[in-house]
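Residue strings, one per chain:
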There are 2 protein chains.
Amino acid sequence: MGGLKIKAVILAAGKGERFGDSLPKPLAKLFEKPLIEYIIESLEKVGISEIIVVYHDERVRDFVRSRCKTVYNPHVERGEGYSLLLGAKASGGGPFLLLMSDHFFDREILSRLLNSNTKSTTLCIDKDIYDKDLDEATKVLVEGSKIISIGKNIKKFNAIDTGIFLCTNEVTEIAGEFEGKFTVTDVMSKLSQKGKLLACDVTGFFWRDIDTKEELIKVENFILKSLVKPSDGIISRHINRKLSIPLSRLLVKTRITPNQMTFVSFFFGILSAVLFGLNKNIYAGIFAQITSILDGCDGEIARIKGTESKFGAYFDSITDRYADIAIILGMIATAPDKLWLIGSLALLGTYSISYSVSRMETLANKRFIGGIAGFMTRDVRLFIIMIGGLFNQIFLTLLILAIFTNFVVLSRILSARKVMEHVSLTKQGM
Amino acid sequence: MGGLKIKAVILAAGKGERFGDSLPKPLAKLFEKPLIEYIIESLEKVGISEIIVVYHDERVRDFVRSRCKTVYNPHVERGEGYSLLLGAKASGGGPFLLLMSDHFFDREILSRLLNSNTKSTTLCIDKDIYDKDLDEATKVLVEGSKIISIGKNIKKFNAIDTGIFLCTNEVTEIAGEFEGKFTVTDVMSKLSQKGKLLACDVTGFFWRDIDTKEELIKVENFILKSLVKPSDGIISRHINRKLSIPLSRLLVKTRITPNQMTFVSFFFGILSAVLFGLNKNIYAGIFAQITSILDGCDGEIARIKGTESKFGAYFDSITDRYADIAIILGMIATAPDKLWLIGSLALLGTYSISYSVSRMETLANKRFIGGIAGFMTRDVRLFIIMIGGLFNQIFLTLLILAIFTNFVVLSRILSARKVMEHVSLTKQGM
């Protein structure tokens, strides 16, 4: 399959004095991982196989050299523009992606830029200017798809420079014309004057230029907040996440992987099932709630570390279903002759909740969150099971599950027609 | 939401002498439905709300006038070019879709044409020239996205005119310049000489120009053949479809809808479940196989009638799961104390087969067919259940289902990583 042919240049020769830290800025840690590693991983994830890092500090070189080509900048006093020139030359001229080592950004920005299929030099811009630090930001004035002007001190502007570029040979040429100290913005400004700098609008995607320790912590907090998903059920939002997020923050310091965490959560689910089977209902209920809390950690660790994968999401959803069903089977096992039918209906409804969402997502080709997921989300179901275990009410628990889960599925079928028709029209571009 | 603003013009004033039938050609029946109705429904499905039909025979007008605007062509002797002129004027000049009333085509062709966002006159062309009737076809010579020449008798050509156009005002103007008899091709030829006719490549999608009764039957047979899906399991392909397709051909003559048919199939599944519960295992097995056969009819009827819907597919998949589980529950019910655990595992595996495909499709954003579906497809599972019923081997049947379904799910998880990684790369355009 191979990777994309386009290369990437990361400018990592800056000194980062404002960090007040002995480490060079690209190695400043977001959670437990150096900033530059997030950038390298994002590039690898979108399929870029050749990454060039322009460095000055040897520690940066030592950190990246197993995965990247490194270029030494002996003249940091000539500014980041000179680093750009060195990187551009090392890349063979262009086209190449240009990234700053002190920027954190949502990987989707790269995908969007690469999918824009532009053949001109293009800058990702953000039109949400009001939540950014305007003193520090590089501003741009965009008209249509063209950037009219760019600079830190331009007066008329309607967007912010995200520091993520796709560069052509022209960038290399212009950068070569400068003498003394110059910035990336100086180069881009010249291109924009010639009408040759385009904009790729990435408004709405998260990115931040991290200049200070405080900004680093702000980004960490943003990432932690984003771990609470819009699809989270009421128990997850108000109880589970409050426990799983601090736990995940600890776990990212260890070597545990998200998929291992999925397995741990699954193990506690099976433990709950076995305890129900042994009629240790109080312990079983508690472990059901523990598996529910731990179920959040795999995704959280993955997102904090930037190692989310489709396989991880897949593995998590299949093991969740097996754990769900195992727990119900454990409950039935205490009195199969009496409980098997109501238990089977609970089991059927429980599985159908998940299946009916998945099928709808497949057919409608989009994700459904919130209302459509119904109120019987996994966190709620496991919470009901915990309560049922604590009060030793197995039959009642199965009855509640059987009624409400199947009710949600039924109401979903009844609403499906409207949801799907809407989707099929919007898909045709109306 | 409203529909697309673009209008459509259907040329339906031709005489269709070669049909040797008293009915005008647009009313010739493909299965039980007039050809022109397929076209109108396709237009409605892609969101076109204003359709103009140019007719000569009053029976055509009477058939379409509840859904379309009609325009009478009093001068059929002036050829279809004149019909085009009348339709174009009635549409207000353009842009409008132009379609022939005697063409059958895959609805995706319209979606592709509309999504091409072209602003010039555009013709859908087919580069598969070898399976077409080249004596009758209008040929085109395409270079890049432009059509260089078009005509029935041009010598150099590399594609075929599908008769599906998106027309601008220019078509209306040029059509107005002709006198006497002229064809649509004459108009388009003039446009192509000016370099103003673009091509939209729809090679690979099914379409046919239906001039004779024989061609009508060929199209019917093509549709029937296409009912055997690549995702069909071995029992479905070799047994069920051989029974369900002839049955569906009969059923399209009735007023039964695909969703009603889904319900009928579901009903037979529940009947099988009840019979298993009553220990009438032979009958139960037979009804399990009947529900399996009838399960094909809903989709077949929908595709023959051209009324497929996402809701229909959704309703079918949820009811299939409930019927599957009901049948297994019916089997457990004969001896719950002995069978509940193995039965529950069969139930879990059965549901997981469907869920694990659906989740993979959602996450990977594509459809999986064939290998990935495993060998325990629904038709195979119900066939095993029939055999089990006939030989009164309930425990063995549940055991086989429990082992093989869960085995397929496990092997799917193991292969998921590779499948997903491939997808995530190809999605990024490599």
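Calculation rules
Residues numbered from 1 in each chain as written. Chains lettered and ligands numbered in written order. Predicted model: local features only at pLDDT ≥ 70, side-chain atom pairs only at ≥ 80, totals over all residues. Heavy atoms only, no water. Helix = DSSP H or I, 4+ residues; strand = E, 2+ residues; numbered from the N terminus. Buried < 20%, exposed > 50% of the residue type's maximum accessible area, 1.4 Å probe, protein only. Areas by Shrake-Rupley, 256 points an atom, 1.4 Å probe, with all protein chains shown as cover. Lys, Arg positive; Asp, Glu negative; His and termini not counted. Charge placed at Lys NZ, Arg CZ, Asp CG, Glu CD. Core = buried A, V, L, I, M, F, W, Y, C linked by side-chain atoms within 4.5 Å. Contact = heavy atoms within 4.5 Å. Least-squares fit on C-alpha atoms with pLDDT ≥ 70 in both. Axes fitted to C-alpha atoms, helices over the stretch in contact; angles between N-to-C directions. Parallel < 35°, antiparallel > 145°, perpendicular 65-115°, else oblique. Left-handed = near helix turned anticlockwise from the far one by under 90°. Phe/Tyr/Trp six-rings, centres within 6.5 Å; stacked < 30°, edge-to-face > 60°. Lys NZ or Arg CZ within 6 Å of the ring centre and 35° of its normal. Salt bridge = Lys/Arg side-chain N within 4 Å of Asp/Glu carboxyl O. Nonpolar A, V, L, I, M, F, W, Y, C, P; charged D, E, K, R; others polar. Polar contact = N/O pair within 3.5 Å; in protein donor to acceptor, adjacent residues only side chain to side chain. pLDDT = per-residue confidence, 0-100. Buried area = accessible area lost by both parts, 1.4 Å probe. Expected span 1.5 Å × (residues − 1). Bend = angle between axes of the 7 residues up to and from the residue. Domains from an automatic or database assignment.

A. Representation of the overall build of chain A within the structure. Within chain A, the secondary structure is distributed over 14 helices and 13 strands. A buried classification covers 56% of the 430 residues belonging to chain A. Of the roughly 18600 Å² of accessible surface on chain A, 57% is carried by carbon and sulfur atoms. Once the 55 positive and 46 negative side-chain charges of chain A are each reduced to a mean point, those two points are 4 Å apart.

B. Spotlight on the nonpolar core. Leu398(A) and Leu398(B) are the most contacted members of the largest nonpolar core, which has 90 residues in total. The residues touching Leu398(A), leaving out its near neighbours within four places in the chain, are Ile328(A), Met331(A), Ile332(A), Leu339(A), Ile342(A), Gly343(A) and Ala346(A). By size, the runner-up hydrophobic cluster in this structure holds 34 residues, among which are Val60(B), Leu113(B), Leu114(B) and Cys200(B).

C. Spatial organisation of the relation of the copies chain A and chain B. When chain A is fitted onto chain B, the two copies agree to an RMSD of 0.1 Å after a turn of 180° and an axial shift of 0.1 Å. The transformation relating the two chain copies, once decomposed into turn and shift, fits a two-fold axis. Ranked by how close their C-alpha atoms come to the rotation axis, the residues of chain A are headed by Thr362(A), at 2.4 Å. Of the residues that chain A buries at the interface, 100% are likewise interface residues in chain B, meaning the two copies contact each other through the same surface.

D. Focus on the packing of helix α11 (residues 310-333) of chain B against helix α13 (residues 378-390) of chain B. Residue and element names in this part refer to chain B. At their nearest, the axes of α11 and α13 sit 12 Å apart, and the two run at 20° to each other. In terms of axis orientation, α11 runs roughly parallel to α13. The element α11 and its partner α13 pack so that their crossing is left-handed. Between α11 and α13, the residues in contact are Asp 320, Arg 321, Ala 323, Asp 324, Ile 327 and Met 331 and Arg 378, Arg 381, Leu 382 and Ile 385, respectively.

E. Geometry of the side chain of Ser354(B). Topologically, Ser354(B) is positioned in helix α12 (residues 336-364). The contact partners of Ser354(B), leaving out residues within four places of it in the chain, are Tyr355(A), Arg321(B) and Arg381(B).

F. Focus on the packing of aromatic side chains. Enumeration according to the criterion identifies 23 aromatic pairs over all chains in this entry. Taking the centre distance of 5.7 Å and the plane angle of 20° together, the rings of Phe268(A) and Phe287(A) count as stacked. Of this pair, Phe268(A) sits in helix α9 (residues 258-277) while Phe287(A) is found in helix α10 (residues 281-305), placing the two residues 19 residues apart along the sequence. Between Phe178(B) and Phe182(B) the ring centres are 4.6 Å apart and the planes differ by 5°, which places this aromatic pair in the stacked class. Assigned by exposure class, Phe178(B) and Phe182(B) land together as buried. These aromatic residues form a ring-pair network of at least three members: Tyr38(A), Phe104(A), Phe206(A) and Phe222(A). When the ring centre of Tyr38(B) is taken as origin, the NZ or CZ atom of Lys33(B), which lies over that ring, is 4.6 Å away. Sitting above the plane of the Phe178(B) ring, Lys190(B) keeps its charged end 5.1 Å from the centroid.

G. Quick peek at the pattern of salt bridges. All names here are of chain A. All chains considered together, the criterion is met by 46 salt bridges over all chains. Between Glu 170 and Lys 196 there is a salt bridge, with its nearest N and O atoms 3.0 Å apart. Here Glu 170 is found in helix α5 (residues 169-177), whereas its partner Lys 196 is found in the loop between α6 (184-193) and β12 (197-201), with 26 residues between them in sequence.

H. Representation of the packing of helix α8 (residues 234-251) of chain B against helix α10 (residues 281-305) of chain B in the model. Residue and element names in this part refer to chain B. Relative to each other, α8 and α10 sit at 55°, their axes nearing to 8 Å. It follows from the interaxial angle that α8 and α10 lie oblique. α10 is crossed by α8, and the crossing has right-handed handedness. Counting all contacts with α8, which are made through Ile 235, Ile 239, Asn 240, Arg 241, Leu 243, Ser 244, Ile 245, Leu 247, Ser 248 and Leu 251, the residues of α10 involved are Gln 289, Ser 292, Ile 293, Leu 294, Gly 296, Cys 297, Glu 300, Ile 301, Arg 303 and Ile 304. In the contact of α8 with α10, the residues fall into 11 nonpolar, six polar and three charged.

I. How the structure looks around unusual backbone geometry. At Phe31(A), a residue that is not glycine, the phi angle is positive and equals roughly 50°. Relative to the helices and strands, Phe31(A) is located in the loop between β2 (29-30) and β3 (33-34). Residue classification places Phe31(A) among the buried residues on the basis of a relative accessible area of 8%. For Asn392(B), which is not glycine, the phi torsion reads 60° and is therefore positive. Mapped onto the secondary structure, Asn392(B) falls in the loop between α13 and α14 (394-427).

J. Representation of the side chain of Asp324(A) within the structure. Residues and elements named next belong to chain A. The residue Asp 324 is located in helix α11 (residues 310-333) in this model. Polar side-chain contacts of Asp 324 include one of 3.0 Å to the side chain of Arg 381. Ignoring anything within four residues of it in the chain, the contact list for Asp 324 reads Thr 350, Arg 378 and Arg 381.

K. Representation of the confidence of the model for chain A within the structure. Residue and element names in this part refer to chain A. On average, chain A scores 89 in pLDDT, and the residues at 70 or more come to 93%. Taken together, the stretch residues 423-430 has pLDDT below 50 and engages in 16 contacts with residues farther than four places along the chain or on a different chain. The complex model carries a pTM of 0.76, and its ipTM stands at 0.73.

L. The arrangement of the interface of chain A and chain B in detail. Each partner contributes residues to the interface: chain A has 54 residues there, and chain B has 55 residues. Of all residues in chain A, Lys310(A), Tyr314(A) and Tyr355(A) bury the most surface against chain B, accounting for 15% of the area lost on that side. Our count for the chain A to chain B interface comes out at two salt bridges. Across the chain A-chain B interface, the total number found is 18 residue pairs in polar contact (both at pLDDT 80 or more). Secondary-structure elements contributing two or more residues to the side of chain A that touches chain B are α11, α12 (336-364) and α14 (394-427) of chain A. Along the lines of polarity and charge, the residues of the side of chain A that touches chain B split into 28 nonpolar, 18 polar and eight charged.

M. Molecular detail of helix α8 (residues 234-251) of chain A. All names here are of chain A. Over its 18 residues, α8 runs 24 Å from end to end, which matches the ideal 26 Å to within 8%, given 1.5 Å per residue. The axis of α8 is deflected most strongly, by about 55°, at Asn 240. Those residues of α8 that fall on the buried side of the exposure criterion are Ile 235, Ser 236, Asn 240, Arg 241, Ser 244, Ile 245, Ser 248 and Leu 251. Those residues of α8 hidden inside the fold are in contact with α7 (213-226), α9, α10 and α13 (378-390).

N. Seen up close, the domain arrangement of chain A. Residue and element names in this part refer to chain A. Splitting chain A by domain gives domain 1 (7-215) and domain 2 (229-427). Look at where the C-alpha atoms of domain 1 and domain 2 centre, and you get two points 42 Å apart. The partner domain 2 presents nine residues to the seven residues of domain 1 that form the contact. Buried area between domain 1 and domain 2, summed over both chains or domains, comes out near 630 Å², and the portion from carbon and sulfur atoms is 50%. Three residues stand out in domain 1 for area buried against domain 2, namely Phe 31, Glu 32 and Lys 45, and they jointly supply 61% of the buried area on that side. At the boundary of domain 1 and domain 2, one finds one salt bridge. With a shortest N-O distance of 3.8 Å, Arg 107 and Glu 308 are connected by a salt bridge. Summed over the shared surface of domain 1 and domain 2, the result is three residue pairs in polar contact (both at pLDDT 80 or more). Per-element accounting of the side of domain 1 that touches domain 2 gives the leading share, three residues, to helix α1 (residues 35-45). Looking at the side of domain 1 that touches domain 2, its residues break down into two nonpolar, no polar and five charged.

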